[in-house]
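Per-entry structural report
Here is what each chain is made of, one letter per residue.
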Amino acid sequence: MTVGRREAVVAGAGLVLALAARPAAARTGEPAAGGHPSPRRRTLFLAGDSTAAQKYADAAPETGWGMALPFFLHHGLTVANHAVNGRSTKSFLDEGRLEPIAAALRPGDVLLVQFGHNDQKTTDPLRHTDPWGSYRDNLRVFVETARSRGAVPVLATSVERRRFDAAGTAQRSLGDYPAAARETASALATPLLDVEALSLALWQRLGPEATKTYFNWTATEQDNTHFNPPGAIEAARLVARELLRTRVLAPRETRRLDDELPARWITWPPAPPSAS
């Protein structure tokens, strides 16, 4: 059975009951009698689309910003990147991709949600959502599922594409989805990372030519949506700074926020057989 919109809340509640039935040592990391504590690393789960997803060797130099996010977080915080190419809030839920996240979430973990690029695709009924209707409903499913597990839900507006007008002014390309994410976060009292506004301002500062060195521009491709390593690093820096600003993360959980990071830190592993 897949998790679909409102059903995810019921499924999350069931998972909480199942968790409660487990021995305390298994749930909390507390030792059995006579044992020693085994602290569990806090995990940041990432649900999103291709702009954040893990990329593999066959896609290099394309890089999701989720690949660079660990560079800005201390080792006690693990990133579990569940972002997948081509997904919208609708297709991610309809394919049951929230289920393994819900099963793995533990109290104190973070569920960071960034969708919008593929929700825009009006000609694709498997992915398209109404920004003021089904998109907001779907974001609520992510938020309520995280809360049902004792985790911290975080919504992020989508990172902006590289788009400039003839005068060199960076243009918005994501329609009403960023505004809908902002309003949903406000209505649900959920932290909001305004990555759309921050990335738009960054592209404006860099300008039309310099931004080419942040996106996946190669000899055979001119991609204004997906990043290369420098772009992924800068987008991840924006996310990490927002996690700190919104107090989702404490200062001790972040690092290198103002450091120049070498692009060679990005690596692309071989694609696993199940990658899709």
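Right, let's walk through the structure included here. (Residues numbered from 1 in each chain as written. Predicted model: local features only at pLDDT ≥ 70, side-chain atom pairs only at ≥ 80, totals over all residues. Heavy atoms only, no water.)

Quick word on the pattern of salt bridges
Tallied over the entire structure, the rule returns 15 salt bridges. Between Arg136 and Glu183 there is a salt bridge whose closest N-O contact spans 3.9 Å. Highlighted residues: Arg136 in helix α6 (residues 134-148) and Glu183 in helix α7 (residues 177-187), separated in sequence by 47 residues. The class of Arg136 is partly exposed, set by a relative accessible area of 23%. Between Arg182 and Asp194 there is a salt bridge; the shortest N-O distance is 2.9 Å. Taken as a pair, Arg182 in helix α7 and Asp194 in the loop between β5 (192-193) and α8 (195-210) lie far apart in primary sequence, 12 residues in all. One salt-bridge network, in which partners are shared between bridges, spans Arg172, Arg182, Asp194 and Glu196. (Salt bridge = Lys/Arg side-chain N within 4 Å of Asp/Glu carboxyl O. Helix = DSSP H or I, 4+ residues; strand = E, 2+ residues; numbered from the N terminus. Buried < 20%, exposed > 50% of the residue type's maximum accessible area, 1.4 Å probe, protein only.)

Some details on the nonpolar core
With 42 residues, the main nonpolar core has Trp65, Leu69, Leu112 and Trp203 as its most contacted residues. If you list the elements that add at least two residues to this core, you get β1 (42-48), α3 (65-68), β2 (77-81), β3 (110-114), β4 (152-156), α8 and α9 (229-245). The element contributing the most residues to this core is α9, with eight residues. Here Leu112 is in contact with Leu44, Phe45, Leu46, Ala47, Trp65, Val154, Ala156, Leu193 and Val239, once residues within four sequence places are set aside. Core analysis: the second largest hydrophobic core is formed by 26 residues, Val141, Tyr177, Ala180 and Leu192 among them. (Core = buried A, V, L, I, M, F, W, Y, C linked by side-chain atoms within 4.5 Å. Contact = heavy atoms within 4.5 Å.)

Examining unusual backbone geometry
At the junction of Ala60 and Pro61, the peptide bond is cis and its omega measures out at 10 degrees in the coordinates. Along the chain, Pro61 falls in the loop between β1 and α3. In this structure, Ala189 takes a positive phi of about 55 degrees despite not being glycine. By the element assignment, Ala189 lies in the loop between α7 and β5. With phi around 60 degrees, Arg256 is a residue other than glycine that occupies positive phi space. The topology assignment puts Arg256 in the segment after α9. Taking the relative accessible area as the measure of exposure, Arg256 reaches 26% and is therefore partly exposed.

Section: the sheet that holds β1
Within the open sheet, the five strands sit side by side as β2-β1-β3-β4-β5. Their pairing is parallel. The outermost strands of the open sheet, each flanked by one partner alone, are β2 and β5. As judged from the five bridges shared by β1 and β2, these two strands associate in the parallel manner. Considered in β2, the bridge of Thr43 is made with Thr78. (Pairing = 2+ DSSP bridges.)

Focus on the pairing of β4
The element β4 is extensively covered by neighbouring structure, given that four of its five residues are classed as buried. The pairing of β3 with β4 spans four bridges and is classified as parallel. Bridge pairing links Val113 to Leu155 in β4. Handedness of the crossover is the feature at issue here: the chain leaves β3, passes through α6, returns alongside β4, and the resulting connection is right-handed. Both β4 and β5 contribute to a ladder of two bridges, which runs parallel. Note on β5: the bridge partner recorded for Leu155 is Leu192. Read from β4 through α7 to β5, the crossover connection turns out right-handed. (Right-handed = clockwise from strand over helix to strand, strands pointing away.)

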